[in-house]
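As a plain string of letters, each chain reads:
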Amino acid sequence: MVEETENKNIIINGESIAPGEQKLVFLKIARLPTGTLIDIPVHVFNAKRPGPTVLIQAGLHGDEINGVETLRRLLQDDFFLIKKGAVIVVPILNIFGFIHFSRDVPDGKDVNRSFPGTKSGSLASRIAHTYTEQILPQIHYGIDLHTGGGQRHNHPQVRYSTNDLKSMELAQIFGAPFYFSSRMITGSFRKATFKMGVPTIVYEAGESMRFDENAISCATKGIQNVLVHLGMLPKNTASTSDPSVHLEQTRWTRAPRAGMFIPQVYNGQWVEKGQVLGLVADTYAKKNKKVKAAFDGFVICINHQAVVNQGDALFHLGR
């Protein structure tokens, strides 16, 4: 068998990116009611030497901007000058959600519940279909950057697909403070790639519509670690950090009543069973209800919503 000495062309939307080339191409999606064309910018870096193709994306939910800023900085710094393989970088997948400061597209549907999509379906389904047809068949690995939804603040963490050893390996190599397996949701990007045999990890850090320097820094180091591991960047560029902690179980602690929510622990903190995590108080200063840890573990997410309803998720714990 003759070993390949040159990478393959990458073809997106009819445009070919040859080995040794880098190019910005656009996936045409739809038009606004004004007639303005909306398309998805796709940055392609194709090295001369053969190697894996890695998709790194953000903005699948339009209000989750830490990943968008991470990729913007990396593009600005010419980070993706890889020595082999190819990297496809999509800083904002859900353009409609981004320009409306929204998780979803204008009709209220979630693109990350619409994969693999259909050509004649809803707007979210059409976006997913175009992406599935144009991008996913050409990749070998995926890194999907997210934040907590609403006012939930995620401590940097990586989620991999249960029983997918390659995605588990990538999650560990990424080097976030925590990593753990997570079930695949019907219609999600990660489930679509899993069915196609593409190991994909989801990085979660920070909360929507807020920049978080720690989340951005951790994402940058993690992407770097993965590309070094795959031989696409020099070994001496790998970042050093504390070992990533593997969580075997995660569980939400919920509000026992409605009221004003006052957290008393911080994200990433180790807590013990029975420890007070926060208080839910009524607005008349008559009653306080303590929220306690159900087991020993780490706090990996805190809800920053100040006024909560009974049953709202307040703390995500992992052990």
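Before going into details, it helps to say that this report is about the structure given with it. (Residues numbered from 1 in each chain as written. Predicted model: local features only at pLDDT ≥ 70, side-chain atom pairs only at ≥ 80, totals over all residues. Heavy atoms only, no water.)

1. Quick notes on the overall build of the chain
So, point 1. Within the chain one finds 6 helices and 19 strands.
So, point 2. The C-alpha atoms of the chain give 21 Å as radius of gyration, which agrees with the globular expectation for 319 residues (20 Å, within 12%).
So, point 3. The dimensions of the chain, computed from C-alpha atoms along their principal axes, are 75 × 50 × 35 Å.
So, point 4. For the chain, the residues scored as buried account for 52% of the 319 residues in total. (Helix = DSSP H or I, 4+ residues; strand = E, 2+ residues; numbered from the N terminus. Rg over C-alpha atoms; globule rule 2.2 N^0.38 Å. Buried < 20%, exposed > 50% of the residue type's maximum accessible area, 1.4 Å probe, protein only.)

2. Section: the environment of Ser-122
So, point 1. For Ser-122, the location among the structural elements is in the loop between helix H2 (95-99) and helix H3 (123-134).
So, point 2. What makes Ser-122 partly exposed here is its relative accessible area of 22%.
So, point 3. As a C-alpha pair, Ser-122 and Asp-78 span 44 residues in sequence and 36 Å in three-dimensional space.
So, point 4. When neighbours within four sequence positions are excluded, Ser-122 is seen to be in contact with Asp-107 and Lys-109. (Contact = heavy atoms within 4.5 Å.)

3. Here's the deal with unusual backbone geometry
So, point 1. Here the residue pair Phe-115 and Pro-116 is connected by a cis peptide bond, since its omega of 0 degrees sits within 30 degrees of zero.
So, point 2. Within the element layout of this structure, Pro-116 appears in the loop between H2 and H3.
So, point 3. Notably, Asn-13 is not glycine yet its phi reads approximately 55 degrees, a positive angle.
So, point 4. Along the chain, the position of Asn-13 falls in the loop between strand E1 (10-12) and strand E2 (15-17).
So, point 5. For Phe-101, which is not glycine, the phi dihedral falls at a positive 55 degrees.
So, point 6. In this structure Phe-101 comes out as exposed when scored by relative accessible area, which is 61%.

4. What about the packing of aromatic side chains?
So, point 1. Within the structure shown, the criterion is met by 10 aromatic pairs.
So, point 2. Their ring planes at 70 degrees and their centres at 6.4 Å tell us that Phe-115 and Tyr-131 sit as a pair that is edge-to-face. Highlighted residues: Phe-115 in the loop between H2 and H3 and Tyr-131 in helix H3, separated in sequence by 16 residues.
So, point 3. Since its relative accessible area comes to 0%, Tyr-131 is described here as buried.
So, point 4. Between Trp-270 and Phe-298 the ring centres are 5.1 Å apart and the planes differ by 70 degrees, which places this aromatic pair in the edge-to-face class. Here Trp-270, found in strand E14 (residues 270-271), pairs with Phe-298, found in strand E17 (residues 297-303); they are 28 residues apart in sequence, far enough to count as distant.
So, point 5. Looking at Phe-298, the relative accessible area reads 21%, which means it is partly exposed.
So, point 6. Above the plane of the ring of Trp-252 lies Arg-152, whose end atom (NZ or CZ) is 4.9 Å from the centre.
So, point 7. Above the face of the Phe-295 ring, Arg-319 is positioned so that its terminal group lies 4.3 Å from the ring centre. (Phe/Tyr/Trp six-rings, centres within 6.5 Å; stacked < 30°, edge-to-face > 60°. Lys NZ or Arg CZ within 6 Å of the ring centre and 35° of its normal.)

5. Description of the nonpolar core
So, point 1. Residues Val-42, Phe-80, Tyr-131, Ile-135, Tyr-203 and Ile-223 are the most contacted members of the largest nonpolar core, which totals 70 residues.
So, point 2. It is helix H6 (residues 213-229) that provides the largest number of residues to this core, a total of 7 residues.
So, point 3. Counting 15 residues, the second-largest nonpolar core is a separate cluster that includes Val-265, Val-280, Val-291 and Val-299. (Core = buried A, V, L, I, M, F, W, Y, C linked by side-chain atoms within 4.5 Å.)

6. Things to note about the pattern of salt bridges
Note that side chains of opposite charge can pair when their charged atoms are close.
So, point 1. Taken as a whole and judged by the stated rule, the model has 6 salt bridges.
So, point 2. The partner of Arg-72 in a salt bridge is Glu-69, with the nearest N and O atoms 2.8 Å apart. Remark: Glu-69 and Arg-72 occur in helix H1 (residues 66-76); sequence separation between them is 3 residues, near one turn of the helix.
So, point 3. Overall, the relative accessible area of 10% leaves Glu-69 in the buried class.
So, point 4. With a shortest N-O distance of 2.7 Å, Glu-69 and Arg-73 are connected by a salt bridge. Within this pair, Glu-69 and its partner Arg-73 are both found in helix H1, separated by 4 residues, close to a single helical turn.
So, point 5. Taking relative accessible area as the criterion, Arg-73 reaches 25% and is therefore assigned partly exposed.
So, point 6. Sharing partners across several salt bridges, the network here consists of Glu-69, Arg-72, Arg-73 and Glu-213. (Salt bridge = Lys/Arg side-chain N within 4 Å of Asp/Glu carboxyl O.)

Shape is all these values report; function is a separate question.
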